[in-house]
Amino acid sequence: MLKAKNVIPKQRLIVFTIVVVISFITLIGRFFQIQVYQHNTYQTKAEANRIKAVMRNAPRGLIIDRNGKILVDNYPTYVLSCIPIEIEDKDALIKLISKLTGLDSLFLRQNYSKYYRNRFSPTRLAKDLSFQHISVLEEHKSELHGIQITQFPERYYPTQISGTHFLGYVNEVNQNIRGKISDKKQYELGDLIGWHGLEKEYESELRGDKGVKYIEVDAFGREVGNVDEYKDIPPNPGNNLKLTIDAKLQLLLEGLMSTYQGVAIVSNPKNGDILSYVSSPSHAPDLFTGSVSSETWSNILNNPGRPLVDRVSSGLYPPGSTLKMITALSLLDKKLIDPKWATTCTGSYFYGDRTFRCWNENGHGEVDLRKAIAQSCNVYFYKVVQRLTLTEWSETCKQFGFGKKTGIDLPMEKTGVIPTSDYMNARYGRWGWSKGVMLNVAIGQGDVLVTPLQMLHYINQIATHGNANLLHLVHKKPEEPSRRPVFSSKTWKRIERYLTAVVYDNKGTGKAANPNIKNVIISGKTGTAENPHGEPHAWFVGYGKKENDIVSVAILIENGGHGGETAAPIAREAFRSHFNNSALNIETSNSDY
Amino acid sequence: MFFNANNKISELSYKIPAIVIILTAIGLFSLYSVSQHQGGDFFHSAFSKQLIFVIPSIIGFLLIFFIPRHIIHNYSYVLYVFAVIGVAIPYLGSHIAGTYRWINIGGIGFQPSEFAKWILILALARYLSDHNIEMRRITSVVIPFGIALIPTAIVLKQPDLGSAVIMIVPVMTMLYWAGSRPFHLFILVAPLLSVLTAFHTIPFTIWAFILAIVIFFSRPRLLFGVSLFFTNIFLGLLWPVIWNSLRSYQQNRILTLFKPDLDPLGAAYQIIQSKTAIGSGGFIGKGWGMGTQTHLKFLPVQESDFILSVIGEELGFISIMVIFLCFAYIILKILKMAYDSNDRYFSLVLVGVSTILLSHVFVNSAMTVGLIPVKGLPLPFISAGGSFLVSCYMMIGLILNIGDTSRS
C-alpha cells in the first residue's frame, strides 16, 4: 500500500549516530566539568556567597496642578514585615510585637495570611508604623528574629482640595488583583496600583519601573552585605503628571459647591484644558489610604448624596433649556426660521392632546428668537421646533458631541442618550411615538440625557464657533474631536449675541452670572430641568471673554430650582476668580507643551 | 494491512515505554521537591498539575499507538492544516504572560505549538516520500522549507523562538535523510549565518572563509558558485545598513526574539545561579529536597526550563548521567528503527521525531550549563508543562506504532 520502498545508505545512519553521540558527549562532558571537576568552586559559591536579587520599588510619579503645585505626593511610611522561614515561633513573635507596640495581634495575624506568598518572601504584618513603634522594635531587635522594617511610599495629599473624582486613588495589590494583572513582574503583594481616575488612566506613566538590588545572603537567607559582581539596576521613578487643573479655582469651587449636590466645571474652550473639576458631594482624597474605619466607610456608602459617584463624567441629567441652542442653530442653518419672526407666549401651548407649559405661567407676550433665548421661553421653541425632523435635530446634537464620550482622560465615562428615530422605535415601538417628542427634546427634556462634561464641550464649541478641542485633565497637546459643528460665521455670531443677552438683558435669566469686571463679556444659558426626583435641576453653561482669554463653565445643582438663581451665581464666582487672576494663570501656561 | 491490537502489543518493544516512565518519574520526583517551597495550595502546585497531566498523556499515547498507520499517512496534510490553524488561534484570544502561545479551554491553558512540532513532521515526511525521485534538485529542498516556514513564522511571532527552532531543524535532518545534497541545505542556511555574523568583524571573516571553502569543495558551476559567495557577503555587509534604517521599536521587536525575557533579573544571573546549583550538587547531589539553590529560590523557573538544575543540585551528576543515557538510548533506537524501516514515509517520520527529541534535550541541557544562551525550551518528560508532556507521549506512541516494520 505505501509506495516508495525505503533504502537508506548506511552512511547516513552513521552520520546521524555520530551527531547524537557527540551531542551527548558534549553535555556529559560539560556536566562532568561543572559537577565533578569544579565542584569545590561551586560548592563554596553556593555555601558562602549566595547572591539574591531583591526588587526595589520605584516611587510613583507626583501629580501637580497647572502652576506646579503638588496635588498628590509620596510620603514615606514604615512597614513591618517578616521572613516566614526565619521565624521559629510565629505565635510567640506576634504576641511579642503586639505587647511591645500595642498593635492588635489579631490584626497582625490577618495581615500575615493576607500577604503570605511563600516562606522566603517578606510578608507584611503592619504598615504606617509610628516612630514610637519603630524605636521600641529596634530596641528589642535581638529578641525579634526574622522581622524587618522597610520604607514604603504612601500617597499623600498636601493641598486642601478633594479632587478625588478626577485624581482617583490607588489600591493595594492583593492576591486577587495580582492574579488579573498581565504584567506581574511589576507588582508584588502590597504594592500600589492605580485603581480609579487619573491614577488608573495614567498607571503606566505614574508607576515607574522596579529596580533590582543584589545582596549577599548567608545560607539561611539573611542579608550579609552588598555585591560587586552585579550592577544594581536602580528603580526608575514614575513620571510626574502635570494637570490642567488650577488648584486655587478648584478649591474655591469645591467650597461653593459644598452645600449642594452637583457639578462645577471650568475649562479653556480653545485647547480643552479643564481648570476645575468639582463633583459634589465628595470625600477626603486619602479615604482609601491606610485603613478605613468601618464607621467612616458605612457613612460614605449610606450617604444619599453618593459621594463616590463622579457626577461630572458619569452623572446623567436632562439638560433642560440649556439645550435650546441646538434647536436654534439647526433652524437658522437650514433657514427654517427668520430671527425677526415673532409669536405670542401665553404661558402654555396646546399640541396633540396635551398642554405644554412655559416656565413663566403668565406668558412672555411677543417673543422673537432673541427674547426666546434671553428669557428662555418654551412656547416659542414648542412652535418652531415642529419645522425640524427628529433626525435633523439629533444630527446637530451629535455634531456637538452629545450621545458619545467626550474622550476625557478618565477611565469611566458615560455616553448619555440622544433620541433618534431608531432609538424611539426601539423604545416605544414604530407607532408608539409622534412628532410631539420634538416639543420635549427642543427644551432638553423627554428622553435626552447628558453628562455635565458633554455640556461643557457643547458650550466650548459655541464659544469658539466650532473650534474647541477635546477636554482633558493632563497637560498635553490639544486633540481634535472626531466631529465639529459647522455653521456660518453669521449664525455663530447671532447665537453668541443672544447668549450675551441672557446675561445682560434686563429680563435675562442669567443676570446673576455677571461678575461685573471691566472688558469681560459673559455669555451663557440657564436651564431648569424637570426630573422625577423632585425639584428641577438648576443649570448654567456659559463663557466669559476678555480679549483673547476665554473661559467656560458648566454648573449643575441637583434639585436646585431655577438655573438663574442657584447655578448662575456660582458661575459668577468662577468668572470673577479667573479674570481677576488671569494675567498670572492662563497666559503663561498656554504655550509650554 | 490487517489491524490487530493484540498483535501490536505483543510485538511492542517494552524498553522505550519503560525508559519514558523512568524519566517521567524523575521529573515528578524533582517537581515534588520544588513544589514544597512554592507555598500556596498543594493541589495547584507544579507537581500536582504534572501528575494530573500524566492521565491525558497516557490517553494520547494509546490513541496514537492504536490508530492504523495508513490513516496517519493519509491524513498527514489534513493534520498539518489543523496544526497551522491551531498555532494561529491564540492570536484571537488575549495576551497571556506577554505571548500568544495559549488557547484557554475551560480554564486549562493549551499550547497548540507543542503538537504542531510533530504534526509538521508528518506533512514533511509525506511530501518527501511522495517526491523521492528528484531529491537531488534544489527545488525539492525549497518546498519542504516552505511547508515548515508557515507554522514556524506564526510561532516565531508569538513570540516563541525556541519552538520555532524546533520546527525548522527537523527539515534539515529529514532532507538529508531523504537524500538531498548537503550543499543545497548549506545554501539555504548560509544567508541566515551571513546576517547573524554581520555584527562583528571577526566572526564575519571566519564565516566568509568557511563559505568560500565549502563552495570550493562542492564544485558548483563557476558562475553559480561565485555569485552565491558574493550574494552572501553582500547581504552580510548590507545588513547593518538595513538594521540601522529600522525604527527602534522594529529593532526591539527583532531583539526580543533573541533576548531572554524569562525574568527581569537578567539572563546572566540565571545562568550563574543554574551553574552554581548544578556545580554544588557534585557527584551524588545534596539529597532530595535539600538543594539550597533550589529552595532558597536562587534558581529561576525551576519547575520548567531549569528543572535539570534542580536535579543536578539535589540528585547529582550520577542522575544527570542516567537521564542523558536514557535519552541517548531512545534517540538512537528511533534512528535505528528509521534505518530498518522499509517504508520511506515512516522512516522519515522517525528521523523527524528523533530530531525533535535531540534538539529539546540538547538546547535545554546546554542552556542550564551556559553552553548556549537562554532559550525557553523544556526538557521532554521531565519539565513541568501539560501540553508538552501530552505531546511527548503522543510522539512516543507514534514512533512505537510505525517503528516496528516487521508487520508491513
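This one's a predicted model, so the numbers in the text were calculated from it and none came from an experiment.

## Observations concerning the overall build of chain A
In step 1: Counting its secondary structure elements, chain A contains 21 helices and 19 strands.
In step 2: In chain A, which comprises 593 residues, the proportion classed as buried is 55%.
In step 3: In the structure as shown, chain A presents an accessible area of about 26700 Å², 51% of it carried by carbon and sulfur atoms.

## Topic: the overall build of chain B
In step 1: In terms of regular secondary structure, chain B is built from 17 helices and two strands.
In step 2: Long-range pairs, those at least 24 residues apart, make up 72% of the contacts in chain B with a sequence separation of at least 6.
In step 3: Working note: accessible area of chain B is about 17500 Å², and carbon and sulfur atoms make up 72% of it.

## Focus on the sheet that holds strand 19 (residues 549-557) of chain A
All names here are of chain A.
In step 1: One open sheet accounts for five strands, arranged 12-11-19-18-17; its pairing is antiparallel. Among the strands making up the open sheet, the edge pair consists of strand 12 (274-280) and strand 17 (521-531). For this sheet, the mean inter-axis angle between neighbouring strands, taken without regard to orientation, is 5°.
In step 2: Across nine bridges, strand 18 (residues 534-546) lies against strand 19 in antiparallel orientation. Its bridge partner lying in strand 19, Trp539 is registered against Leu556.
In step 3: Relative to the sheet, helix 10 (residues 247-257) contacts strand 11 (262-267), strand 12 and strand 19, its axis offset from that of strand 12 by approximately 25°.

## Focus: the pattern of salt bridges
Residue and element names in this part refer to chain A.
In step 1: Going through the model one piece at a time under the given rule, you end up with 24 salt bridges over all chains.
In step 2: Ionic pairing is found between Lys210 and Asp191, a salt bridge with its closest N-O pair at 2.6 Å. In this pair, Lys210 sits in the loop between helix 9 (203-207) and strand 8 (211-217) while Asp191 sits in the loop between helix 7 (175-180) and strand 7 (192-194), placing the two residues 19 residues apart along the sequence.
In step 3: On the basis of relative accessibility, which here comes to 13%, the residue Lys210 falls in the buried class.

## A word on the packing of helix 13 (residues 324-333) of chain A against helix 16 (residues 390-399) of chain A
All names here are of chain A.
In step 1: Running from N to C, helix 13 and helix 16 point in directions that differ by 115°, and their axes come no closer than 9 Å. Taken as axis vectors, helix 13 and helix 16 run roughly perpendicular relative to one another. Note that helix 13 runs across helix 16; the crossing there is right-handed. Residues Ile326, Thr327 and Ser330 of helix 13 touch helix 16, and the partners they reach there are Trp393, Thr396 and Cys397.
In step 2: Here the contact of helix 13 with helix 16 is composed, by residue class, of three nonpolar, three polar and no charged.

## Notes on the packing of helix 7 (residues 139-157) of chain B against helix 8 (residues 161-178) of chain B
All names here are of chain B.
In step 1: Following both chains from N to C, one finds helix 7 and helix 8 inclined at 170°, their axes separated by 8 Å at the closest point. The pairing of helix 7 with helix 8 is recorded here as roughly antiparallel in orientation. Where helix 7 abuts helix 8, its residues Ser140, Val141, Pro144, Phe145, Ala148, Leu149, Pro151, Thr152, Val155 and Leu156 lie against Leu161, Ser163, Ala164, Met167, Ile168, Val171, Met172 and Leu175.
In step 2: Across the contact of helix 7 with helix 8, the residue classes break down as 15 nonpolar, three polar and no charged.

## Quick look at helix 13 of chain A
Residue and element names in this part refer to chain A.
In step 1: Of all ten residues in helix 13, nine are buried; the element is thus mostly enclosed.
In step 2: Looking at helix 13, one finds that the buried residues are Lys324, Met325, Ile326, Thr327, Ala328, Leu329, Ser330, Leu331 and Leu332.
In step 3: Just beyond helix 13, the residue with positive phi is Lys335, at close to 55°.

## Remarks on a nonpolar patch on the surface
Residues and elements named next belong to chain B.
In step 1: A cluster of nonpolar side chains, namely Ile71, Tyr75, Val78, Leu79, Val81, Phe82, Ile85, Ile89 and Leu92, defines an oily patch on the protein surface of about 840 Å² accessible area.
In step 2: Top element by residues in the nonpolar patch is helix 5 (residues 76-88). It accounts for five residues.
In step 3: Tracing the backbone through its elements, the reader meets Val81 in helix 5.

## A short note on the packing of aromatic side chains
In step 1: Per the stated rule, a full pass over the model turns up 31 aromatic pairs over all chains.
In step 2: Summarising the aromatic geometry, the rings of B:Phe65 and B:Phe66 are spaced 5.0 Å apart at their centres and angled 70° between planes, so their arrangement reads as edge-to-face.
In step 3: Judged by relative accessible area, which is 3%, B:Phe65 ranks as buried.
In step 4: Each ring, one from B:Phe381 and one from B:Tyr393, has its centre 5.9 Å from the other, and the planes form 85°; the classification is edge-to-face. Residue B:Phe381 is found in the loop between helix 16 (344-368) and helix 17 (386-403), and its partner B:Tyr393 is found in helix 17; the two are separated by twelve residues along the sequence. No difference in accessibility class separates B:Phe381 from B:Tyr393, as the two residues are buried.
In step 5: Each residue in the set A:Phe400, A:Phe402, A:Tyr458, A:Phe487 and A:Trp492 is aromatic and connected to the rest through ring pairs, giving one cluster.
In step 6: Across from the ring centre of A:Trp431, 4.5 Å away, lies the NZ or CZ of A:Arg430, which sits over that ring.

## Notes on the environment of A:Val417
All names here are of chain A.
In step 1: Tracing the backbone shows Val417 in the loop between helix 16 and helix 17 (421-428).
In step 2: For the pair Val417 and Gly403, spaced 14 residues apart in sequence, the C-alpha separation works out to 5.2 Å.
In step 3: With near-sequence residues (within four places) excluded, Val417 lies in contact with Tyr423, Asp447, Val448 and Leu449.

## Quick look at unusual backbone geometry
Peptide bonds are mostly trans, and most non-glycine residues show a negative phi.
Residues and elements named next belong to chain A.
In step 1: Geometrically, the link from Ser280 to Pro281 is a cis peptide bond, its omega value of 0° lying close to zero.
In step 2: Note on placement: Pro281 falls in the loop between strand 12 and helix 11 (294-302).
In step 3: Even without being glycine, Glu547 reaches a positive phi, approximately 50°.

## Considering helix 9 (residues 182-197) of chain B
Residues and elements named next belong to chain B.
In step 1: Between the first and last C-alpha of helix 9 there are 21 Å, a value that for 16 residues agrees with the 22 Å anticipated at 1.5 Å per step.
In step 2: For helix 9, the set of buried residues is Phe183, His184, Leu185, Phe186, Ile187, Ala190, Ser194, Val195 and Thr197.
In step 3: Those residues of helix 9 hidden inside the fold are in contact with helix 7, helix 8, helix 10 (201-218) and helix 11 (222-245).

## Some details on the confidence of the model for chain B
In step 1: Per-chain confidence: chain B averages 81 in pLDDT, with 82% of residues scoring 70 or above.
In step 2: Predicted confidence is poor over residues 260-265 of chain B, with pLDDT under 50, and the contacts of this stretch with residues over four places away or in other chains come to 14 contacts.

## Points about the pairing of strand 3 (residues 70-82) of chain A
Residues and elements named next belong to chain A.
In step 1: Taken together, the two bridges between strand 2 (residues 63-64) and strand 3 define a ladder with antiparallel strand orientation. Looking at the pairing, Ile63 lines up with Val72 of strand 3.
In step 2: Taken together, strand 2 and the strand that follows it, strand 3, pair antiparallel across an intervening segment of five residues, in which Gly68 is found at a positive phi of about 90°.
In step 3: Of the strand pairs in this sheet, strand 3 and strand 5 (residues 147-156) are connected by ten bridges, and their pairing is antiparallel. If you follow Thr77 over to strand 5, its bridge partner there is Phe152.

## Re the state of the cysteines
In step 1: Under the defined criterion, the tally for this structure stands at zero disulfides over all chains.
In step 2: Cysteine A:Cys377 is unpaired, with the sulfur of A:Cys345 as its nearest cysteine sulfur at 3.7 Å.

## Topic: the pairing of strand 15 (residues 354-357) of chain A
Residue and element names in this part refer to chain A.
In step 1: The pairing of strand 14 (residues 348-351) with strand 15 spans four bridges and is antiparallel. Paired with Phe350 across the strands is Thr355, a residue of strand 15.
In step 2: Here strand 14 folds back onto strand 15, and the loop between the two strands holds two residues, one of which, Gly352, carries a positive phi near 60°.

## With respect to the environment of A:Ser130
In step 1: Note on placement: A:Ser130 falls in the loop between strand 4 (123-126) and helix 5 (131-139).
In step 2: Considered as a pair, A:Ser130 and A:Tyr78 are 52 residues apart in the sequence and their alpha carbons are 7.7 Å apart.

## Overview of the side chain of A:Thr420
All names here are of chain A.
In step 1: Inspection of the secondary structure puts Thr420 in the loop between helix 16 and helix 17.
In step 2: A relative accessible area of 17% places Thr420 in the buried class.
In step 3: Contacts of Thr420, omitting those with residues within four sequence positions, involve Leu390, Ser394 and Lys398.

## Focus on the environment of A:Thr528
Residue and element names in this part refer to chain A.
In step 1: The residue Thr528 is located in strand 17 in this model.
In step 2: Expressed as a C-alpha distance, the spacing of Thr528 and Trp359, which sit 169 residues apart in the sequence, is 8.7 Å.
In step 3: The contacts of Thr528, once residues within four sequence positions are left out, are Ser321, Gln445, Pro536, His537, Gly561, His562 and Gly563.
In step 4: Within the local environment of Thr528, its side chain forms a polar contact with the backbone nitrogen of Gly563, the two atoms lying 3.3 Å apart.

What counts and how
- Residues numbered from 1 in each chain as written.
- Chains lettered and ligands numbered in written order.
- Predicted model: local features only at pLDDT ≥ 70, side-chain atom pairs only at ≥ 80, totals over all residues.
- Heavy atoms only, no water.
- Helix = DSSP H or I, 4+ residues; strand = E, 2+ residues; numbered from the N terminus.
- Buried < 20%, exposed > 50% of the residue type's maximum accessible area, 1.4 Å probe, protein only.
- Areas by Shrake-Rupley, 256 points an atom, 1.4 Å probe, with all protein chains shown as cover.
- Contact = heavy atoms within 4.5 Å.
- Pairing = 2+ DSSP bridges.
- Axes fitted to C-alpha atoms, helices over the stretch in contact; angles between N-to-C directions.
- Salt bridge = Lys/Arg side-chain N within 4 Å of Asp/Glu carboxyl O.
- Parallel < 35°, antiparallel > 145°, perpendicular 65-115°, else oblique.
- Left-handed = near helix turned anticlockwise from the far one by under 90°.
- Nonpolar A, V, L, I, M, F, W, Y, C, P; charged D, E, K, R; others polar.
- Patch = residues over 30% accessible without salt bridge, like charges linked within 9 Å, V, L, I, M, F, W, Y side chains within 5 Å.
- Phe/Tyr/Trp six-rings, centres within 6.5 Å; stacked < 30°, edge-to-face > 60°.
- Lys NZ or Arg CZ within 6 Å of the ring centre and 35° of its normal.
- Expected span 1.5 Å × (residues − 1).
- pLDDT = per-residue confidence, 0-100.
- Disulfide = S-S within 2.5 Å.
- Polar contact = N/O pair within 3.5 Å; in protein donor to acceptor, adjacent residues only side chain to side chain.

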